[in-house]
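What follows is each chain in one-letter form.
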Amino acid sequence: MKQFDVIVWSDRDKGDAPSPPFTDPALGWFFGNDINESLEKSEAEWIVFAHESVQIDRPFLNELAQSIECFPMVDAFAPRVATGKGNSFWAGYLLNGRKGLSMIPDDAKLRYVAAPCPYVAAFSRRIVRLTGGFDRDLSIRMALLDFSFRMLHAGGKMFSIPYLCTATNHPDETFLPTAKQNSAELAITLFKTFGFFATFPFMATHLGSIAPLWKNRRKICEKRNSAILLSKLKPEYTKEISQ
C-alpha cells in the first residue's frame, strides 16, 4: 500500500491536468475536481487534498510522515500555508459563534482544530472510510471544510503543528471560509455538523446565509441526520476546538 495519495483540485472548471512535480513508488497523484471519483481510486494510507497552487514536495511529505509517526492518535492534519505576503501564514480554524470560524494565530502551538485552511489538508484512510465522500452540492473548498466537520462525528480529530507547513503561489482570500461570499455555504456546513442552536449566532450576524439554508432545509436536514447517526462527537471536544 502506498503511504500517500495526493488529490489535486482546481478552481478552474476545465484545463489540462498538470504533471506531477515528482514521482515516487510510495506516492500516488490524482488530478481533477471530482474528488469522490479520486477517493474511489485512492489506495494509500493517507490522503492529501491540495489546491493546484499549493507546493506539495518531498520535504512537506517527509514532515507529514514524521508528524503521523509522532502523533498516532491523530486522524487528520491541518498544515500551515505560507502566502508569500511577508511572514503571513494561513492555518487551521477554531469554531467561533458569531464569526463561524476563527483562524488560529501564527504563533499558535500544537493543538487540535476544527477545520483546515481550504488550500490543503491530510486525512487517514481509516477516517475517510468512516466519513464518506465530499458533498457535491458545495464548492470544493467548502466541501473540504464540511468533510472535516463530519469527520468529528466519526470520531476523528484534526491536529495543527507549526512546523508542518507548505506554500501557495496564488493566495486568494475569497477561498477562506470566513470570506463574505462563502457565508451561505459556511452556515450550511456548520448546521450539518453542529445543529441550529450552535449555528444561530453566525446566521444572526450573516443574514444572507439564512435564505439558502431555509430553501434547501429538507435536503440539508437529511444530510445532517446521516452525518450525526451514531455520532462520537462529545461536547467536551467541541469546546476544545472552539475559541
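Our subject is the structure that appears above.
Residues numbered from 1 in each chain as written. Predicted model: local features only at pLDDT ≥ 70, side-chain atom pairs only at ≥ 80, totals over all residues. Heavy atoms only, no water.

Novice: So what's going on with the environment of Trp-29? Which residues, and what values?
Specialist: Relative to the helices and strands, Trp-29 resides in strand β2 (residues 27–31). If near-sequence neighbours (up to four positions away) are discounted, Trp-29 is found in contact with Val-6, Val-8, Pro-20, Pro-21, Phe-22 and Ile-56. A polar atom in the side chain of Trp-29 sits 2.9 Å from the backbone oxygen of Phe-22. (Helix = DSSP H or I, 4+ residues; strand = E, 2+ residues; numbered from the N terminus. Contact = heavy atoms within 4.5 Å. Polar contact = N/O pair within 3.5 Å; in protein donor to acceptor, adjacent residues only side chain to side chain.)

Novice: Give me the lowdown on the pattern of salt bridges, citing residues and values where you can.
Specialist: What the rule picks out here adds up to ten salt bridges. Between Lys-41 and Glu-37 there is a salt bridge; the shortest N-O distance is 3.4 Å. Note that Lys-41 and Glu-37 are positioned in helix α1 (residues 35–41) at a spacing of four residues, about one turn of the helix. Among the salt bridges present, the one from Arg-150 reaches Asp-146, with a minimum N-O distance of 2.9 Å. (Salt bridge = Lys/Arg side-chain N within 4 Å of Asp/Glu carboxyl O.)

Novice: Before we move on, could you go through the environment of Gly-28 and cite the residues and values that matter?
Specialist: The residue Gly-28 is located in strand β2 in this model. Residues Gly-28 and Ser-88, spaced 60 residues apart in sequence, show a C-alpha to C-alpha distance of 30 Å.

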